[in-house]
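Commentary on secondary and tertiary structure
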Amino acid sequence: MPDAGRASASNEPDVGDVVVTVADVLAAQARLRRYLPPTPMHHAERFGVMLKLENLQRTGSYKVRGALNALLAARERGDHRPVIAASAGNHAQGLAWAAYRLGVQAITVMPHGAPETKIAGVAHWGATVRQHGNSYDEAFAFAKELAEQNGYRFLSAFDDPDVIAGQGTVGIEIAPHAPDVVIVPIGGGGLASGVALALKSQGVRVVGAQVEGVDSMIRAMKGDISPVDPVASLADGVRVKVPGFITRRLCTQLLDDVVTVREAELRETLVRLALEENLIAEGAGALALAAGRRVAGKRKCAVVSGGNIDATVLAQLLSDVRPRPPRKPRRRALEGEPALAGGRATPRAAAPKSSPAKTGARRIPAAALEIEVHEEPIW
């Protein structure tokens, strides 16, 4: 029985017959490859992590994968209805771009206070923009109402099998790099579910990341689906009051762990990413990297999920946040030479002594016999 104060299972939508598999992710990859080239991987040496740069994706976010796959799959099924979606910004931009490419009518409902850069991005691709409410959940309710009144197809930003499969193609592109753990940000859970579907069969650990006070998925995985307003956060893209029901089930089954980070850690990570790696990420985009320090692994990969941040917000962060200097890289001796405790290499064994007069050689100081050391490669 659910605990007191928690929503009962009878209040949940019936998603028991909805199944998303690795085959769906592979089918999505086949659909998307002609439209979306793979995004690059970047070795963030100062963080000791590989980064999957979805901030360089079309429309600046991974969300375009799920939206485009959903429209392509609907076309295969003969569903040509106009599509409506609620979004804090990135799903709306992805849907607008996909609809433009495929000639589909799209309407997006965005909350007041959504970043101006995201609103402009949606309008640029010709989608209709409606602003309603002060949160994603209020925009969601309004979009559902419009869909029912007008016969539109409502496309969830995360709780849709085609969207989940599309987001899972991120994991397919990561797989050839053979990480032992992949860290993904979690809002509604679409990205985490899809990446876990793609990678779990290959023995890769998948860990989710949330911000303190914006942790609806962690609570839902423990059985608490009571709606709680998320706190204000730089990671506006993951501020979801109630996560998806399909995604909650998949995350519960597939994720190895979900960790939370403090807001201050998120802000510092975003600034370090800009200053040390020359990469611009939005708050949610830097979330997985911020969680990386809490996750053990020799070959870690963090998904930078998006880069659509307002210029004024970024300028304020660069002005206010003074990140700590990064730790010095670990050092090791060349192969076959044991390292000393201080990180210096052990001198080579001394050659048998011989008389300088007989050999014509001069005496070499012992310090000069020390071998060179180099930074330990992360990969």
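See the structure shown above.
Thresholds applied
- The residue numbering used here restarts from 1 in each chain and proceeds along that chain's sequence as written.
- Local features in this predicted model are restricted to residues whose pLDDT is 70 or higher, and side-chain atom pairs enter the listing and the counts only when it is 80 or higher, whereas totals over whole chains, interfaces and linings include all residues.
- Heavy atoms throughout the structure, all of them, feed into the side-chain values; hydrogens and water do not.
- Helix numbering and strand numbering both begin at the N terminus, where a helix is a DSSP run of H or I of at least 4 residues and a strand a DSSP run of E of at least 2.
- Here the expected length of a helix is defined as 1.5 Å per residue gap, with one fewer gap than residues.
- When DSSP finds two or more bridges between two strands, those strands count as paired.
- To obtain each axis, a line is fitted to C-alpha atoms, and for helices this fit is confined to the stretch in contact; angles are then taken between N-to-C directions over 0 to 180 degrees.
- Any angle from 65 to 115 degrees is called roughly perpendicular, while one under 35 is roughly parallel, one over 145 is roughly antiparallel, and all others are oblique.
- Crossing handedness is read from the near helix: turned anticlockwise from the far helix by less than a right angle, it gives a left-handed crossing, and turned clockwise, a right-handed one.
- When checking whether two residues touch, look at their non-hydrogen atoms; a contact exists if any pair is within 4.5 Å.
- Just so you know the grouping, Ala, Val, Leu, Ile, Met, Phe, Trp, Tyr, Cys and Pro go in nonpolar, Asp, Glu, Lys and Arg go in charged, and all remaining residues, Gly too, go in polar.
- Only residues whose relative accessible area exceeds 30% and that form no salt bridge are eligible for patches; like-charged ones are grouped when within 9 Å, while nonpolar side chains (Val, Leu, Ile, Met, Phe, Trp, Tyr) are grouped when within 5 Å.
- We get accessible surface area from the Shrake-Rupley algorithm with a probe of 1.4 Å; when it comes to residues, only the shown protein chains can shield them.
- Every case where a carboxyl oxygen of Asp or Glu lies within 4 Å of a side-chain nitrogen of Lys or Arg is listed as a salt bridge.
- When charges are tallied, Lys and Arg are placed among the positive residues and Asp and Glu among the negative ones, while His and the ends of the chain are skipped.
- For this purpose, a charge sits on NZ of Lys, CZ of Arg, CG of Asp or CD of Glu.
- Only protein chains enter the accessibility calculation, which uses a 1.4 Å probe; a residue whose area is less than 20% of its type maximum is buried, one above 50% is exposed, and one in between is partly exposed.
- Classification remark: right-handed applies to a crossover when, strands pointing away from the viewer, the course from the first strand over the helix to the second runs clockwise.

With 15 residues, helix α2 (residues 63-77) should cover 21 Å at 1.5 Å per step; its first-to-last C-alpha distance of 22 Å lies within 8% of that length. A positive phi of about 85 degrees marks Gly 78, the residue just after α2.

Moving on: the sheet that holds strand β3 (residues 83-86). Backbone-to-backbone hydrogen bonds join strands into a sheet, with any given pair of strands oriented parallel or antiparallel. Read across the sheet, 4 strands follow the order β5-β4-β3-β6 without closing on themselves; strand pairing throughout is parallel. The outermost strands of the open sheet, each flanked by one partner alone, are β5 (128-131) and β6 (153-154). Bridge count between β3 and β6: 2 bridges; the pairing is parallel. Opposite Ile 84, over in β6, you have Phe 154 as the bridge partner.

Bringing the packing of helix α3 (residues 90-102) against helix α4 (residues 116-124) into the picture now. Put simply, α3 and α4 touch, their axes get as near as 8 Å, and they point 15 degrees apart. Here α3 lies roughly parallel to α4, going by the angle between them. In this structure, α3 meets α4 at a crossing whose hand is left-handed. For the pair formed by α3 and α4, the contact residues are Asn 90, Ala 92, Gln 93 and Ala 96 on the first element and Thr 117, Lys 118, Gly 121 and Val 122 on the second. Here the residues of the contact of α3 with α4 are counted per class, giving 3 nonpolar, 4 polar and 1 charged.

Take the pairing of strand β1 (residues 41-44) next. Of the strand pairs in this sheet, β1 and strand β2 (residues 49-53) are connected by 4 bridges, and their pairing is antiparallel. Bridging across to β2, His 42 finds its partner in Leu 51. Between β1 and β2, which pair antiparallel and follow one another directly, the connecting turn spans 4 residues, one of which, Gly 48, has a positive phi of 70 degrees.

Taken together, Arg 34, Arg 58, Arg 75 and Arg 101 make up a surface patch of like positive charges. Classification of Arg 101 as partly exposed rests on a relative accessible area of 41%.

Turning next to the pairing of β5. Summarising the sheet, strand β4 (residues 106-110) and β5 pair through 4 bridges and their orientation is parallel. Paired with Thr 108 across the strands is Val 129, a residue of β5. Handedness of the β4-α4-β5 crossover: right-handed.

You can see Gly 223 is positioned in the loop between α9 (216-221) and α10 (245-254). Look at Gly 223 and you get partly exposed, because its relative accessible area is 33%. Put simply, Gly 223 and Arg 248 are 25 residues apart on the chain and 9.8 Å apart in space, counted from C-alpha to C-alpha.

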